[in-house]
Amino acid sequence: MSTTAASARSLGCAGCEVCGLVVRLPVPAGAAFCPRCGERLHSRLPASLERTWALTIAALLLYIPANLLPVMTTNTPLGAVSDTIMQGVVELWSPTSWPLAVVVFVASVTIPLGKLIALAYLLLTVQRGSVRSNGQRVRLYRLLKFIGRWSMLDVFVDTFVVALIQLQPLMWVEPGAGVLYFAAVVVVTMVAVNSFDPRLIWDLPQQEKHAHG
Amino acid sequence: MMASDSLPVAAQVPAASAAEETLLACPDCDLLQRLPPLPPHHAASCARCQAPLCRHKPDSLERTLALALAAAILLLIANVVPMLGLSVAGREAFTTVLGGVVEMWREGSQVVAMLVLFAAVIAPALEIVCLLLVVLAVRHPPAPHWVATLLHGYEFVREWSMIEIMLLGVLVALIKIAELATVIPGLALFVLGSLVFLLAAMAAAFDPRVAWQRIEWAAGRGPDGIAGGRG
Ligand SMILES: [Zn+2]
Ligand SMILES: [Zn+2]
């Protein structure tokens, strides 16, 4: 690239996160508000790394009961059977419905865990001041933002199985404690990704002073 | 004013005279770049990280209005007609989206019930209503400042509006139940299916830049895009 590439921060400006307006920040630094939409301006999200770490660790802890506790209990006159998320995937596995079993497995097990590992990787590389593969890391961030919502799939599955199978006294399904933990994992990881500021990936280890190419 | 000639131009847009350009900081990498006016249907991406920056959408406001009205009607229908039915041993039971929420609440999972209510009903409704009000309000610029709050709310609620995920969830639930009882797909299932496409088209038609340009500034009119911070 022939022109100089410079971040808005190195030029004393910030792009508003809400409306996109580029605004010159006050000197000395203090609270600044976007003149167009009135929202608080941030050169980088405040305490982004600390908040993202806290939420990532919280989600990892919630991930354990989410997978160990049953998400639903099926009651019949013969007794009660409880299923965890993984048992639900196994039961869905059949010659005709295995593609759906794969989808549920990916959305409920792979995506939440993969998201936490990817977040930890992004946090660690930013903290080490890495300047390598910035393009790949920002694409990873955009992927996390895009696919994270799909983990909510199992919450909807459980809700509608519970809603439909209410045939007392023949058969009825109750939600288990696992659903609550699982829903919490999904919500906390979504908030964690939102609290990570991808602009940190591009910042040089030292406060950037010069425009770099 | 900084020497904007030294800044890179956003990728994939033709060059234009400096007077018509706007300044833009990439939300994903903070690269400050010049954005020339886009020809119809063209999209600009970040010169450094390829983040999509904006797209020129012809007749954005009119098309968004039409799609949002249609989506509002479909969402209303989807929540009043039955979605899924079950027939076993001569007994039939039907449920709607709200029925699922109520059953979850009664069975003791109140938090999950609220989450499902928010993601499947409230967030999509807010998404449609916010956008509807925004496009109606900005028809006569400058729009009052509460429109900015609505536009901000729309961007937030979009991430939590999960009709497409709920629909896939219903499909999986349907397969799970099919081995126990006869499942009867209801009208709402097809309405929700159309709504998924309508919501996607609505979001694709809406150009937030056009709306922002027509909203009154919080701190009065600023100079050429670079304004001093308030307070
Ligand atoms: Zn703003
Ligand atoms: Zn960028």
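Let us look at the structure shown here. (Residues numbered from 1 in each chain as written. Chains lettered and ligands numbered in written order. Predicted model: local features only at pLDDT ≥ 70, side-chain atom pairs only at ≥ 80, totals over all residues. Heavy atoms only, no water.)

**Considerations on the sheet that holds strand β4 (residues 79-83) of chain A**
All names here are of chain A. Spatial strand order, β4-β3-β6-β5: 4 strands in an open sheet with antiparallel pairing. Whereas interior strands pair on both sides, the edge strands pair on one side only; in this sheet they are β4 and β5 (166-167). Relative to strand β6 (residues 171-175), β5 runs antiparallel, the two being bridged by 2 bridges. In the strand pairing of β6, Leu 167 is matched with Met 171. (Pairing = 2+ DSSP bridges. Helix = DSSP H or I, 4+ residues; strand = E, 2+ residues; numbered from the N terminus.)

**Examining the interface of chain B and chain A**
Counting residues at the interface gives 78 residues for chain B and 72 residues for chain A. The junction of chain B with chain A conceals about 6500 Å² of combined surface from both sides, 71% of it contributed by carbon and sulfur atoms. Notably, a salt bridge pairs A:Arg44 with B:Asp30, separated by 2.8 Å at the nearest N-O pair. Where chain B packs against chain A, one counts 15 residue pairs in polar contact (both at pLDDT 80 or more). Looking at the side of chain B that touches chain A, the element that brings in the most residues is helix α5 (residues 163-178) of chain B, giving 12 residues. Taken together, the residues of the side of chain B that touches chain A sort by class into 48 nonpolar, 17 polar and 13 charged. (Contact = heavy atoms within 4.5 Å. Buried area = accessible area lost by both parts, 1.4 Å probe. Salt bridge = Lys/Arg side-chain N within 4 Å of Asp/Glu carboxyl O. Polar contact = N/O pair within 3.5 Å; in protein donor to acceptor, adjacent residues only side chain to side chain. Nonpolar A, V, L, I, M, F, W, Y, C, P; charged D, E, K, R; others polar.)

**Some thoughts on the coordination of the zinc ion (ligand 2)**
For a metal with four tetrahedral donors the ideal donor-metal-donor angle is 109.5 degrees, whereas six octahedral donors ideally subtend 90 or 180 degrees. Residues and elements named next belong to chain B. On the protein side, the zinc ion (ligand 2) has Cys 26 (SG), Cys 29 (SG), Cys 46 (SG) and Cys 49 (SG) as donor atoms, found 2.2 to 2.4 Å from it. Site description for the zinc ion (ligand 2): donor spacing in sequence, C-x2-C-x16-C-x2-C. Residue Cys 29 is located in the loop between β1 (22-25) and β2 (32-35), and its partner Cys 46 is located in the loop between β3 (43-45) and β4 (52-55); the two are separated by 17 residues in the primary sequence. On the accessibility criterion, Cys 29 (1% relative accessible area) is buried. The buried category is assigned to Cys 46, whose relative accessible area is 0%. (Donors = N, O, S within 2.8 Å, 3.2 Å for Na, K, Ca; no water. Buried < 20%, exposed > 50% of the residue type's maximum accessible area, 1.4 Å probe, protein only.)

**Re the packing of helix α5 (residues 153-164) of chain A against α5(B)**
Packed helices, taken two at a time, are described by the angle between their axes plus the distance between the axes. The geometry of α5(A) relative to α5(B) is characterised by a closest axis approach of 8 Å and an angle of 50° between their N-to-C directions. One way to sum up the angle between α5(A) and α5(B) is to call them oblique. Two packed elements cross with a definite hand, and for α5(A) against α5(B) that hand is right-handed. Only B:Ile165, B:Met166, B:Leu168, B:Gly169, B:Val170, B:Val172, B:Ala173, B:Lys176 and B:Ile177 of α5(B) make contact with α5(A), whose side of the interface consists of A:Leu153, A:Phe156, A:Val157, A:Phe160, A:Val161 and A:Leu164. (Axes fitted to C-alpha atoms, helices over the stretch in contact; angles between N-to-C directions. Parallel < 35°, antiparallel > 145°, perpendicular 65-115°, else oblique. Left-handed = near helix turned anticlockwise from the far one by under 90°.)

**Topic: the packing of aromatic side chains**
Residues and elements named next belong to chain A. Tallied over the entire structure, the rule returns 3 aromatic pairs over all chains. An angle of 35° between the planes, with centres 6.1 Å apart, marks the rings of Trp 93 and Trp 98 as tilted. The exposure class of Trp 93 is exposed, given its relative accessible area of 52%. (Phe/Tyr/Trp six-rings, centres within 6.5 Å; stacked < 30°, edge-to-face > 60°.)

**Focus on the packing of helix α1 (residues 60-78) of chain B against helix α6 (residues 187-205) of chain B**
Residues and elements named next belong to chain B. Where α1 contacts α6, the two axes come as close as 9 Å, and the packing angle between them is 160°. Taken together, the axis directions place α1 and α6 in an arrangement best described as roughly antiparallel. Of the two elements, α1 crosses α6, and the hand of that crossing is left-handed. Touching Ser 60, Arg 63, Thr 64, Leu 67, Ala 68, Ala 70, Ala 71, Leu 74, Leu 75, Ile 77 and Ala 78 of α1 are Ala 188, Val 191, Leu 192, Ser 194, Leu 195, Leu 198, Leu 199, Ala 201, Met 202 and Ala 205, all from α6. Residues of the contact of α1 with α6, tallied by class, amount to 17 nonpolar, 3 polar and 1 charged.

**So, α1(B)**
Residue and element names in this part refer to chain B. Helix length check: α1, at 19 residues, gives a terminal C-alpha distance of 26 Å against a target of 27 Å (1.5 Å per residue), a fit within 8%. All buried positions along α1 are accounted for by Ser 60, Leu 61, Thr 64, Leu 65, Ala 68, Ala 71, Leu 75 and Ala 78. Along the axis of α1, the buried residues cluster in a sector spanning 155°; they form a single face. Opposite its buried face, α1 presents the exposed residues Glu 62 and Ile 73, each directed more than 90 degrees away. Elements that come into contact with the buried residues of α1 comprise α3 (110-137), α5, α6 and α7 (208-213). (Expected span 1.5 Å × (residues − 1). Arc of directions from axis to C-beta.)

**Thoughts on the coordination of the zinc ion (ligand 1)**
All names here are of chain A. Coordination of the zinc ion (ligand 1) by the protein involves Cys 16 (SG), Cys 19 (SG), Cys 34 (SG) and Cys 37 (SG), with metal-donor separations of 2.2 to 2.3 Å. Sequence spacing of the donors to the zinc ion (ligand 1): C-x2-C-x14-C-x2-C. Taken together, the positions of Cys 16 in the loop between β1 (13-15) and β2 (22-24) and Cys 34 in the loop between β2 and α1 (48-68) put the pair 18 residues apart, joining distant regions of the chain. Each member of the pair Cys 16 and Cys 34 is classed as buried.

**So, unusual backbone geometry**
Residue B:Pro142 is reached from B:Pro141 by a cis peptide bond, and omega for that bond is 0°. Take B:Pro142: it is sitting in the loop between α3 and α4 (146-160). A positive phi angle, near 50°, is found at A:Ala47, a position not held by glycine. Among the structural elements, A:Ala47 can be located in the loop between β2 and α1.

**Details of the nonpolar core**
Counting 105 residues, the largest nonpolar core has A:Phe156, B:Met83 and B:Leu192 as its most contacted members. If you tally residues by element for this core, the top one is α3(B), at 16 residues. Discounting residues that sit within four places of it in the chain, B:Met83 has contacts with A:Phe160, B:Thr95, B:Thr96, B:Val97, B:Val170, B:Ile184, B:Pro185, B:Gly186, B:Ala188, B:Leu189 and B:Leu192. Counting residues in each nonpolar core, the second largest holds 30 residues, with A:Leu49, A:Tyr141, B:Ala44 and B:Ala47 among its members. (Core = buried A, V, L, I, M, F, W, Y, C linked by side-chain atoms within 4.5 Å.)

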